Amino acid sequence: QETGKGCVMYIGLDLGTSGLKGVLIDDAQGVVAEASAPLVVSRLHEGWSEQSPADWIAAAESVMDALSAQGLSKVRAIGLSGQMHGATLLDASDEVLRPCILWNDTRSHEEAAELDGDPMFRRVTGNIVFPGFTAPKLVWVRRHEPRIWEKVARVLLPKDYLRLWLTGEHVAEMSDAAGTSWLDTGRRDWSDDCLSATGLTRAHMPRLVEGSEVSGKLRDALSSRWGLPKGVVIAGGGGDNAASGVGVGVVKAGDAFVSLGTSGVLFAANDGYQPAPETAVHTFCHALPNTWHQMGVILAATDALNWYAGLVGDTAANLTGSRGDLKAPTKTVFLPYLGGERTPLNDAAIRGAFLGLEHAPARAAATRAVLEGVTFAIRDSRDALAATGTKIERLLAVGGGSRSDYWLRAIATALDIPVHLPVAGDFGGAIGAARLALMAATGAGAEVATLPPIARTVDPDRALTAAFDAGHARYRAAQSAIRGLK
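Because the structure is a prediction, the values reported are computed rather than measured.

Right, let's talk about helix α14 (residues 405-415) for a bit. Buried residues dominate α14, accounting for ten of its eleven residues. Of the residues flanking the end of α14, it is Asp 416, one or two places downstream, whose phi is positive at about 55 degrees.

See the structure below:
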């Protein structure tokens, strides 16, 4: 099949926390071009994390300017992916009222606990009200910034503010909306009761579409600026993890991926809605119709390894590059709760620890303990997903941490499942967004979201199964021992 500039093309834009990435793919899903622009996070106070929406627009302009050098006259659609949960507050003229409060901002932990104390939220949304979710942030604004609160006319998620700029339309899609604590996740619609409990109404919300549906069309001025044809459609898109699920082909029950990035995610696709909020598993709509997904989320994966590397004055690559054969877990236990934990603890105050330090060579033992600690945290997420009835039959590994062969062997052994490593390439949110753009433009469905070719498979080391079971038991005991320490 012909590839490149002569073909129909699609763009995916992924608004992350540290940068915005854009990819241009052809109709065979080959990557024609890519570009990125950095973003910075403002942390004015402990627990705060904010960004200026104007910076997102500037980053998107930079990325689109770079992509336009390839020639965009054949582009038919643009898809959006983005960091979830952020509260972007607009007035009646669509002017931004304050910096966006991001997903990793924990200032609203008291408000989240209060909302979660109302059984309605878990019943309707299928999830715990976590401090990072959007609804408690609005309650915090109402209490602490009343002059801002009085002017709030619309609340948008980060990528949907980009959509407003691209199309002039206030639109969200199901996967991102499911992380607000305002969505009836089973019915795939806003909950008037949940909105009312936070002082809002449906009028404050954008209209909802599925991720593979058309949400609007690119404004003519932007089409002219970048040489796109008029009428380019903007797909609903997806929250970053749902879009990554589409990008890596995890869209059917039984398929899952583990992402070893700054945070760690164990993501499983589901054909039905099966919430179990008591497990601290996230149960969200997927970016495709009539599909859901579940996530176990740990807040520090490679972040924990990088923290340790800084502590010992080395790099993560050096620490993991010469681990050798997989060994039984060390007696030293590392708990990777550097900034609290989500699954399965739902504890913003818990902090990490090394336990069981010995006279044995400390550097090697501690490095292994960090890798094993994150591995056991992922196993906790696997167990939490299993408690809801979710079975993982095929597991892919993505993210920077998947470059560590030792780490992959530890995960395969701890979870007792082969781990498939895709061929080198990008299978993240931007690719998923571009695939959703293709679906929106052509009417295609989940068949577009194919699994990537597999470079190799890492099998569990059955000789170490019992040792990893024992290591996980020590990890859980250490977890219980520190939970009272704040």
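That covers the picture; the talk isn't over yet.
Before going further, it helps to spend a moment on the pattern of salt bridges. A full pass over the atoms with the stated rule returns 30 salt bridges. In this structure, Arg 225 engages Glu 61 in a salt bridge whose closest nitrogen and oxygen atoms are separated by 3.0 Å. Of this pair, Arg 225 sits in helix α9 (residues 220-226) while Glu 61 is found in helix α1 (residues 53-68), placing the two residues 164 residues apart along the sequence. Under the relative-accessibility criterion, Glu 61 is labelled partly exposed at 26%. With a shortest N-O distance of 2.7 Å, Asp 116 and Arg 122 are connected by a salt bridge. The class of Asp 116 is buried, set by a relative accessible area of 16%. The partly exposed category is assigned to Arg 122, whose relative accessible area is 28%. Here the salt bridges do not stand alone but share partners, grouping Glu 50, Arg 98, Asp 105, Arg 107 and Glu 145 into one network.

This part covers the pairing of strand β3 (residues 31-38). Across seven bridges, the pairing between strand β2 (residues 19-26) and β3 is antiparallel. The residue bridging Gly 22 from the neighbouring strand is Ala 35, located in β3. Where β2 folds back on β3, the antiparallel hairpin that results is connected by four residues, among which Gln 29 adopts a positive phi of roughly 70 degrees.

For the rest of this paragraph, the subject is the layout of surface pockets. Each pocket or cavity is described by its volume, and for the second largest pocket that value is around 190 Å³. The residue makeup of the lining of the second largest pocket, split by class, is seven nonpolar, four polar and two charged.

Moving on: the packing of helix α11 (residues 302-312) against helix α13 (residues 362-387). Taken N-terminus to C-terminus, the directions of α11 and α13 make an angle of 165 degrees; their axes are 10 Å apart at the nearest point. One way to sum up the angle between α11 and α13 is to call them roughly antiparallel. Remark: the crossing between α11 and α13 carries right-handed chirality. Here Ala 304, Leu 305, Tyr 308 and Val 312 of α11 come into contact with α13, specifically with Ala 362, Arg 363, Ala 366, Thr 367, Val 370, Leu 371 and Val 374. Considering only residue class, the contact of α11 with α13 consists of nine nonpolar, one polar and one charged.

Rules used in this analysis
- Residues numbered from 1 in each chain as written.
- Predicted model: local features only at pLDDT ≥ 70, side-chain atom pairs only at ≥ 80, totals over all residues.
- Heavy atoms only, no water.
- Buried < 20%, exposed > 50% of the residue type's maximum accessible area, 1.4 Å probe, protein only.
- Helix = DSSP H or I, 4+ residues; strand = E, 2+ residues; numbered from the N terminus.
- Salt bridge = Lys/Arg side-chain N within 4 Å of Asp/Glu carboxyl O.
- Pairing = 2+ DSSP bridges.
- 1 Å grid on protein atoms, 1.4 Å probe; cavity = no way out; pocket = protein on both sides within 12 Å on 5 of 7 lines; lining within 4 Å.
- Points joined across faces, edges and corners; volume = space filled by probe spheres on them.
- Nonpolar A, V, L, I, M, F, W, Y, C, P; charged D, E, K, R; others polar.
- Axes fitted to C-alpha atoms, helices over the stretch in contact; angles between N-to-C directions.
- Parallel < 35°, antiparallel > 145°, perpendicular 65-115°, else oblique.
- Left-handed = near helix turned anticlockwise from the far one by under 90°.
- Contact = heavy atoms within 4.5 Å.

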